[in-house]
Amino acid sequence: MPAYLIVKADVPAEADRQPFDQWYENEHLPDAIAKFNALSAWRGWSDVEPSMHYAFYEFPDVETVKRIASSEDIKEMIGEFDRHWAGKVTRTRDIVGELQKLTA
């Protein structure tokens, strides 16, 4: 079943949100999907907490996500993220396996 790497980033300074958004759109998301060989990726800003940005990377299964989460590729991506946003943006990562999916 599909599984997801979910990255939650807190961008507390309103002045940083637009540059963060552009960087993520033009550099980070395309680089991540290519390096991780993800099936898909999407991202968005929370409507409830405006400083929260979420990115979702889809993989075939939890084992694949775990392998990516401990890979050299993710360490490289974390280093690049920190180079741009250390001290300005904090983030957490989670791995979620799809358990049930209903469609209309």
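Here the structure is a predicted model, which means the values were calculated and not measured.

Can you walk me through unusual backbone geometry in this structure?
Among all residues save glycine, negative phi is the norm, and among peptide bonds the norm is trans. In this structure, Asn37 takes a positive phi of about 55° despite not being glycine. By secondary structure assignment, the location of Asn37 is in the loop between helix H1 (14-36) and strand S2 (40-45). Classification of Asn37 as exposed rests on a relative accessible area of 62%.

What exactly am I supposed to notice about the pairing of strand S1 (residues 3-10) here?
As a general feature of sheets, a regular strand has side chains that alternate between the two faces. With 8 bridges joining them, S1 and strand S3 (residues 52-59) adopt antiparallel strand pairing. Counted as the bridge partner of Ala3 is Phe59 from S3.

Help me out: how do you make sense of the nonpolar core in this one?
The tendency in soluble globular proteins is for nonpolar side chains to be buried side by side. Of all hydrophobic cores here, the largest spans 22 residues; its most connected members are Leu5, Phe20, Tyr24, Phe36, Tyr57 and Phe59. Of all elements in the fold, only S1, H1, S3, helix H2 (62-69) and helix H3 (72-85) reach the threshold of two or more residues within this core. No other element matches H1, which puts 6 residues into this core. Ignoring sequence-local partners within four residues, the contact set of Phe36 consists of Leu5, Tyr57, Phe59, Ile68, Asp73, Ile74 and Met77.

I tried to follow the packing of H1 against H3 on my own but got confused; where do I start?
Relative placement of two packed helices is described by the angle separating their axes and the distance separating the axes. At a minimum axis distance of 11 Å, the contact between H1 and H3 shows a crossing angle of 165°. Taken together, H1 and H3 sit at an angle that is classed as roughly antiparallel. The way H1 lies across H3 gives a crossing that is right-handed. Across the interface between the two elements, Asp16, Pro19, Phe20, Trp23, Tyr24, Glu27, His28, Asp31, Ala32, Lys35 and Phe36 from H1 touch Asp73, Ile74, Glu76, Met77, Glu80, Phe81, His84 and Trp85 from H3.

I tried to follow the environment of Gly87 on my own but got confused; where do I start?
By the element assignment, Gly87 lies in the loop between H3 and strand S4 (90-97). Placed 29 residues apart in sequence, Gly87 and Glu58 show a C-alpha to C-alpha distance of 28 Å.

Explain the pairing of S3 here, please?
In terms of residue burial, S3 counts as a mostly covered element, since 7 of its 8 residues are buried. Note: S2 against S3, 6 bridges, orientation antiparallel. Residue Ala41 lies in a different strand from S3, and its bridge partner there is Tyr57. If you look at the hairpin formed by S2 and S3, you'll find 6 residues sitting between the two strands.

Is there a simple way to think about empty space enclosed by the protein in this case?
Empty space among the atoms can be located by rolling a probe the size of a water molecule over them. Tallied over the full model, the rule gives 1 cavity of 30 Å³ or more. Looking at the largest cavity, its volume works out to about 120 Å³. Forming the boundary of the largest cavity are 13 residues, of which Val7, His28, Ile74, Met77 and Arg93 lie nearest the centre. Elements that contribute at least two residues to the lining of the largest cavity include exactly S1, H1, H3 and S4.

What counts and what doesn't
Residues numbered from 1 in each chain as written. Predicted model: local features only at pLDDT ≥ 70, side-chain atom pairs only at ≥ 80, totals over all residues. Heavy atoms only, no water. Helix = DSSP H or I, 4+ residues; strand = E, 2+ residues; numbered from the N terminus. Buried < 20%, exposed > 50% of the residue type's maximum accessible area, 1.4 Å probe, protein only. Pairing = 2+ DSSP bridges. Core = buried A, V, L, I, M, F, W, Y, C linked by side-chain atoms within 4.5 Å. Contact = heavy atoms within 4.5 Å. Axes fitted to C-alpha atoms, helices over the stretch in contact; angles between N-to-C directions. Parallel < 35°, antiparallel > 145°, perpendicular 65-115°, else oblique. Left-handed = near helix turned anticlockwise from the far one by under 90°. 1 Å grid on protein atoms, 1.4 Å probe; cavity = no way out; pocket = protein on both sides within 12 Å on 5 of 7 lines; lining within 4 Å. Points joined across faces, edges and corners; volume = space filled by probe spheres on them.

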